[in-house]
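# Fold and geometry: a report
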Amino acid sequence: MYIELKNINKSYGSFKASDDVSFGIEKGKLFALLGPSGSGKTTILRMIAGLEKPDSGEILIDGKVVNDIPASRRGIGFVFQSYALFRYMTVYDNIAFGLKVKKVKKQEIDARVKELVKLIGLEGFEKRYPSQLSGGQRQRVAFARALAPNPQVLLLDEPFAAIDAKVRQELRSWLKEMIQKLGVTSIFVTHDQDEAIEVADEIIVTNRGRIEQTGTPIDIYQNPATAFTAGFFGVTSELEDYKAFRSFEEVEEYDRAIIRPEFVKITKKDEVQKYKTSAVEGTVERTAFRGNCIEFTVRCNGSILTARRELDEPRVEVGETVDVFIYRIFITHGDEVRLLPNNAIREESVVI
Amino acid sequence: MAKETQSQTVGAKPSPVVKWLLIGLSVLFLFVMLVLPLITVIQEALRKGFAAYREAISDPDAFSALNLTLEATVFAVVINTVFGLFAAWAVTKFRFHGKKLLVTLIDLPVTVSPIIAGLIYVLTFGRQSAIYPFLEEHDLRVVYAVPGIILATVFVTFPFISRELLPVLEAQGTDEEEAAAMMGAKGFTIFRKITLPHIRWALLYGIVLCTARAMGEFGAVSVLSGHLRGQTVTLPLQVEILFGDNKYMPAFAVSSILVILAVVILIVRSIVEYIGKEKK
């Protein structure tokens with residue numbers, strides 16, 4: 001483990017921002033700290049950076065405890081949420097600042113800055129001030145500034161929050177590519193699950209100051225370990241009474257029954273369907289065109305669910321009665337989560 | 001043109017009568033209250049001809065008054081610049097208990113009458129004070145001496161610079177400083193490279209305001225001065241003394257020095273404001 005947190009606690013007054021947080025990060029990987037606002041993800045990032053001190057617990061970087069090492073000597077590059085570019089300095093001076101402070105030779109600084117400006121594709125912008133750049137360009141400068149002193153670790157606080165949707169998409173792939181190319185161990189904080197899934201090698205899910213789960217995006221998405229994770233990823237809907245849907249095992253005690261659109265199949269009455277006996281009827285309340293699919297809001301057994309159909313499938317209209325089949329459900333009880341597959345599928349595979 | 005159409009789209013179109021009436025009233029008010037007295041000052045000062053005017057302002061007492069005024073102003077500006085920077089920095093960059101109280105205290109000199117400020121210093125440093133024997137022993141004179149006048153001027157112009165800096169520093173936040181500190185920059189480097197460029201114009205503007213106020217201070221200085229002619233008399237006090245002696249022409253002549261200084265400051269202020277806006 002290159003970065004390791006051991007039993008970190010941190011409180012602000014009565015608010016517990018970190019509650020016994022422990023996790024490890026391998027060298028060269030890109031990690032996402034993902035959680036809703038107030039879940040303590042930024043606090044973790046700031047503690048690793050040395051901008052906040054944990055109340056208890058140890059932070060290790062490259063095998064050394066860094067709790068008492070000041071931020072400036074931890075070998076960390078930090079990209080702030082608002083970028084915090086020095087507004088009275090040019091792009092060149094912004095990137096050079098960290099090296100100037102370290103009293104690096106002038107020619108070396110010049111060479112490094114030129115290299116980075118080229119890397120971020122902003123050649124010719126060296127003399128501009130941050131206010132003369134677009135959001136995406138500013139982010140690139142912030143990235144280059146953080147990388148200039150060759151940090152071992154790169155930390156990014158909500159790196160895409162201040163950028164409009166279209167540029168954000170572009171920057172995500174750009175950032176991922178850059179970090180892979182440079183091989184610098186990186187952690188970024190985000191509250192956007194899509195962003196985390198798309199960009200990160202691994203995700204650390206935080207909630208109410210605790211770590212809920214750590215794993216690869218696929219793993220976390222498909223096998224949520226806690227009730228929170230199950231409800232946090234994907235477009236989830238909740239079933240009022242899952243037992244009203246057919247062919248599911250009956251669980252005695254449970255809190256919530258959570259499904260995602262890909263768990264649901266809706267079929268027109270006149271279409272052929274595989275699990276007709278296990279389907280129930282529902283009414284389409286709304287449809288929304290999503291570009292690559294059509295999203296339906298269906299009322300079924302007193303629950304509102306979201307389902308999707310391909311564009312080339314026969315049209316389903318608002319008010320139409322359809323058959324609803326559910327492949328699987330996440331059942332939560334307390335912090336626990338269990339995946340409940342539809343028995344109709346299993347029975348079929350047994351027969352075959 | 002663009003501006004006009006914009007103002008018309010907001011609510012009803014204001015009638016031209018109201019517009020000209022308001023402008024006329026404002027101009028009239030400014031003329032009667034400000035321009036007329038200023039003209040009177042210059043006119044009265046030059047009533048007996050330019051030679052008499054020159055004689056009046058080259059009077060040794062007037063000259064020493066000008067010197068003292070400038071001396072007190074320089075002290076007040078320097079002390080309050082340093083203090084204002086510290087206070088504004090402390091209030092905006094750190095979290096601590098009693099922050100609100102500190103901000104309120106900074107404003108105190110504006111709300112308290114200058115006479116009271118003067119009296120406070122007389123009581124603190126005068127004969128009836130507990131520290132008077134100590135001051136006496138070390139031959140330090142505050143009351144009815146130059147240090148007292150400087151103290152009074154500093155007190156009265158206390159908030160001018162910090163008040164200008166507070167909103168600017170507040171708006172800037174601490175991100176940039178934090179980023180610089182992360183990269184290993186030391187406190188002074190951070191101040192010089194990041195904070196100072198940001199507050200430059202606000203600071204200059206504060207200094208201009210502080211200078212103007214310091215030169216015109218009368219109340220607190222009057223209490224602490226003791227009116228020793230040629231020693232502890234500032235320009236405003238000199239004007240009062242001459243006026244009291246029924247020497248009207250010289251009184252106006254000395255006043256005109258203050259007026260000229262004020263106009264110079266106004267011009268400097270406008271330039272600072274203009275450049276500051278351009279820079280933004």
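What you see is a predicted model, and the numbers here were worked out from it, not measured in a lab. (Residues numbered from 1 in each chain as written. Chains lettered and ligands numbered in written order. Predicted model: local features only at pLDDT ≥ 70, side-chain atom pairs only at ≥ 80, totals over all residues. Heavy atoms only, no water.)

## Observations regarding the sheet that holds strand β2 (residues 15–25) of chain A
Within a sheet, adjacent strands bond to each other through the backbone by hydrogen bonds, running parallel or antiparallel. All names here are of chain A. Threshold: At least two DSSP bridges between two strands are needed for those strands to be called paired. A run of H or I in DSSP counts as a helix once it spans at least four residues, and a run of E counts as a strand once it spans at least two, with each numbered from the N terminus.
Within the open sheet, the four strands sit side by side as β2-β1-β4-β5. Their pairing is antiparallel. Of all the strands in the sheet, just β2 and β5 (64–65) have a single pairing partner and so form its edges. Note: strand β1 (residues 3–12) against strand β4 (residues 56–61), five bridges, orientation antiparallel. The residue bridging L5 from the neighbouring strand is I59, located in β4.

## Quick word on the sheet that holds strand β15 (residues 294–300) of chain A
All names here are of chain A. Test applied: Axes, fitted as lines to C-alpha atoms, cover a helix only where it is in contact. Angles between the N-to-C directions of the axes lie from 0 to 180 degrees.
The five strands lie next to each other as β13-β17-β14-β15-β16, forming an open sheet whose pairing is antiparallel. Each having just a single partner strand, β13 (264–268) and β16 (303–309) make up the two edges of the open sheet. If you compare each strand with its neighbour and ignore which way they point, the axes differ by 45 degrees on average. As paired strands, β15 and β16 are joined by seven bridges and run antiparallel to one another. By the bridge assignment for β16, T297 is matched with T306.

## Description of the interface of chain B and chain A
Put simply, the test is: Any two residues whose heavy atoms approach within 4.5 Å at even a single point are treated as in contact. The term buried area denotes the loss of accessible surface (1.4 Å probe radius) that occurs when two parts are joined, taken as the sum for both partners. Each salt bridge in this description consists of a side-chain nitrogen of Lys or Arg and a carboxyl oxygen of Asp or Glu lying within 4 Å of one another.
Counting from both sides, the interface comprises 15 residues of chain B and, opposite them, 20 residues of chain A. When the two sides are added together, the surface that chain B and chain A hide from each other amounts to roughly 1,700 Å², 66% of it contributed by carbon and sulfur. Considering only the surface of chain B that becomes buried against chain A, B:E176, B:M182 and B:M183 emerge as the three largest contributors, covering 45% of it. The closest approach of N and O atoms between A:R87 and B:E176, which form a salt bridge, is 2.7 Å.

## Points about the pairing of β2(A)
Residues and elements named next belong to chain A. For β1 and β2, the ladder comprises seven bridges, and the chain directions are antiparallel. Looking across to β2, one finds that K10 is bridged to S18. Here β1 hands over to β2 after two residues, with G13 in that stretch at a positive phi of 65 degrees.

## Details of helix α5 (residues 165–182) of chain A
Residue and element names in this part refer to chain A. We apply this condition: One fewer than the residue count of a helix, multiplied by 1.5 Å, yields its expected span. A 1.4 Å probe rolled over the protein chains alone gives each residue an accessible area, and that area as a share of the maximum for its type sets the label: buried under 20%, exposed over 50%, partly exposed in between.
Taking 1.5 Å of rise per residue, 18 residues should cover 26 Å, and α5 covers 26 Å from first to last C-alpha, within 8% of that figure. Buried within α5 we find L171, R172, W174, L175, M178 and I179. Close packing links the buried residues of α5 with β3 (30–34), α3 (106–119), α4 (135–147), β7 (153–157), β8 (185–190) and α6 (193–199). One or two steps after α5, the chain reaches G183, where phi turns positive at roughly 65 degrees.

## Some details on the domain arrangement of chain B
A common way to express how large an interface is: the accessible area buried when the components associate. All names here are of chain B. Worth spelling out the cut-off: An automatic or database domain assignment is the source of the domain bounds shown.
If you check the domain split of chain B, you get domain 1 (1–45) and domain 2 (49–279). For domain 1 versus domain 2, the separation of C-alpha centres amounts to 32 Å. The interface of domain 1 with domain 2 comprises five residues on the first partner and seven residues on the second. Together, the buried faces of domain 1 and domain 2 total about 550 Å²; carbon and sulfur atoms form 83% of this surface. Among the residues domain 1 hides against domain 2, the three largest losses belong to V41, E44 and A45. Together they make up 75% of the total. At the junction of domain 1 with domain 2, the criterion picks out zero salt bridges.

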